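A structural walkthrough
Now for the letters of each chain:
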Amino acid sequence: MSAQACAWNAADPQGAATYQANGARYGAELQQLDAYVRQQFAGIPPAKRKVLTSHDAFGYFGATYGVTFLSPVGLSTEGEASARGVAALIRQIKAEKVRTYFFENSNDPRLVQQVARAIGAEPGGVLFVESLSPPDGPAPTYAGMVRHNVDLMVAAMRKD
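As the structure is a computational prediction, the values presented were derived from the model and not from experiment.

We now examine helix H2 (residues 16–42). An ideal rise of 1.5 Å per residue puts 39 Å on 27 residues; H2 measures up with 39 Å between its terminal C-alpha atoms. Of the positions making up H2, those classed as buried are Ala16, Leu33, Tyr36, Val37, Gln40 and Phe41.

Glancing now at the packing of H2 against helix H6 (residues 142–159). Between H2 and H6, the least distance of the axes is 10 Å, while the angle of their chain directions is 5°. On the basis of the axis angle, H2 is roughly parallel to H6. Residues Tyr26, Glu29, Leu30, Leu33, Tyr36, Val37, Gln40 and Phe41 of H2 pack against Tyr142, Ala143, Val146, Arg147, Val150, Asp151, Val154, Met157 and Arg158 of H6. Looking at the contact of H2 with H6 residue by residue, the class counts come to 12 nonpolar, 1 polar and 4 charged.

Looking now at the sheet that holds strand E3 (residues 100–104). Sheet architecture is open: 4 strands sit in the order E2-E1-E3-E4, paired in parallel fashion. With partners counted over all chains shown, the strands left at the sheet margins are strand E2 (68–70) and strand E4 (122–127), one partner each. For this sheet the average axis-to-axis angle between neighbouring strands, irrespective of direction, equals 35°. The sheet contact formed by E3 and E4 spans 4 bridges and is parallel. Looking across to E4, one finds that Glu104 is bridged to Leu127. Each of strand E1 (50–53), E2, E3 and E4 touches H6; the most contacted strand, E4, lies at about 165° to it.

A separate point is the packing of aromatic side chains. Following the criterion strictly, the structure yields 6 aromatic pairs and no others. Here Phe41 and Phe61 contribute two aromatic rings whose centre-to-centre distance is 6.1 Å and whose plane-to-plane angle is 70°, an arrangement assigned as edge-to-face. Pair noted here: Phe41 is in helix H2 and Phe61 is in helix H3 (residues 59–65), with a separation of 20 residues, a long-range link. Assessed through its relative accessible area of 2%, Phe41 is described here as buried. Relative to Phe61, the ring of Phe58 lies with its centre 6.2 Å away and its plane at 75°, an arrangement referred to as edge-to-face. The exposure class assigned to Phe61 is buried, which follows from its relative accessible area of 16%. A connected cluster of aromatic rings, assembled from ring pairs, spans Phe41, Phe58, Phe61, Tyr65 and Phe69. Cation over ring: Arg147 sits above Tyr36, and NZ or CZ is 4.1 Å from the ring centre.

Before going further, it helps to examine the nonpolar core. Ranked by size, the top nonpolar core spans 24 residues in total, and within it Val37, Phe41, Val51, Phe61, Val67, Val150 and Met153 carry the most contacts. Listing elements by their share of this core, those giving two or more residues are H2, H3 and H6. For this core, the element with the highest residue contribution is H6, accounting for 8 residues. The residues touching Phe61, leaving out its near neighbours within four places in the chain, are Val37, Phe41, Val67, Phe69, Val150 and Met153.

Attention shifts here to the environment of Leu152. Topologically, Leu152 is positioned in helix H6. The sequence separation of Leu152 and Val126 amounts to 26 residues, and the corresponding C-alpha distance is 8.3 Å. Excluding residues within four positions of it along the chain, Leu152 makes contact with Phe102, Gly124, Gly125, Val126 and Leu127.

Among all positions in helix H5 (residues 110–119), only Val112, Val115, Ala116 and Ile119 are buried. Projected onto a plane normal to the axis of H5, the buried residues spread over an arc of 100° and lie on a single side. Exposed residues pointing more than 90 degrees away from the buried face of H5 are listed as Arg110 and Arg117. Of the residues flanking the end of H5, it is Gly120, one or two places downstream, whose phi is positive at about 75°.

Parameters and conventions
- Residues numbered from 1 in each chain as written.
- Predicted model: local features only at pLDDT ≥ 70, side-chain atom pairs only at ≥ 80, totals over all residues.
- Heavy atoms only, no water.
- Helix = DSSP H or I, 4+ residues; strand = E, 2+ residues; numbered from the N terminus.
- Expected span 1.5 Å × (residues − 1).
- Buried < 20%, exposed > 50% of the residue type's maximum accessible area, 1.4 Å probe, protein only.
- Axes fitted to C-alpha atoms, helices over the stretch in contact; angles between N-to-C directions.
- Parallel < 35°, antiparallel > 145°, perpendicular 65-115°, else oblique.
- Contact = heavy atoms within 4.5 Å.
- Nonpolar A, V, L, I, M, F, W, Y, C, P; charged D, E, K, R; others polar.
- Pairing = 2+ DSSP bridges.
- Phe/Tyr/Trp six-rings, centres within 6.5 Å; stacked < 30°, edge-to-face > 60°.
- Lys NZ or Arg CZ within 6 Å of the ring centre and 35° of its normal.
- Core = buried A, V, L, I, M, F, W, Y, C linked by side-chain atoms within 4.5 Å.
- Arc of directions from axis to C-beta.

Pasting the structure below:
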């Protein structure tokens, strides 16, 4: 018995079997999701796995799936991008021929739009980063959010 199962048994013995079954089901769903993401990116050459977005919120995702995220703002949306940093980013994006940019559902899009105008990029859609969509939207669950984001990114990478 796992440590988690022991905790469930101690906290709610009557519900422990349900929690264990739900955990196993969700674990399997996440494994399928991981396989889906890997399959989608497998068809994209590593040199084309580049995404321009508002801020650097996809670090773990990028490291796991070999995607480079280019953004004018670092991890914190509280910070401000420097003119020098934005100019360097524009040069990098031009050199790497990234032609699509993405908004993030929870951030101000003006800076990424400004960078996009400077390089002639077109919008690729809205990525969900820090929150889900309403239940009737494109990203109502974690798995739905990941699929939505991956589908938008892969479509842009295939086009670029």
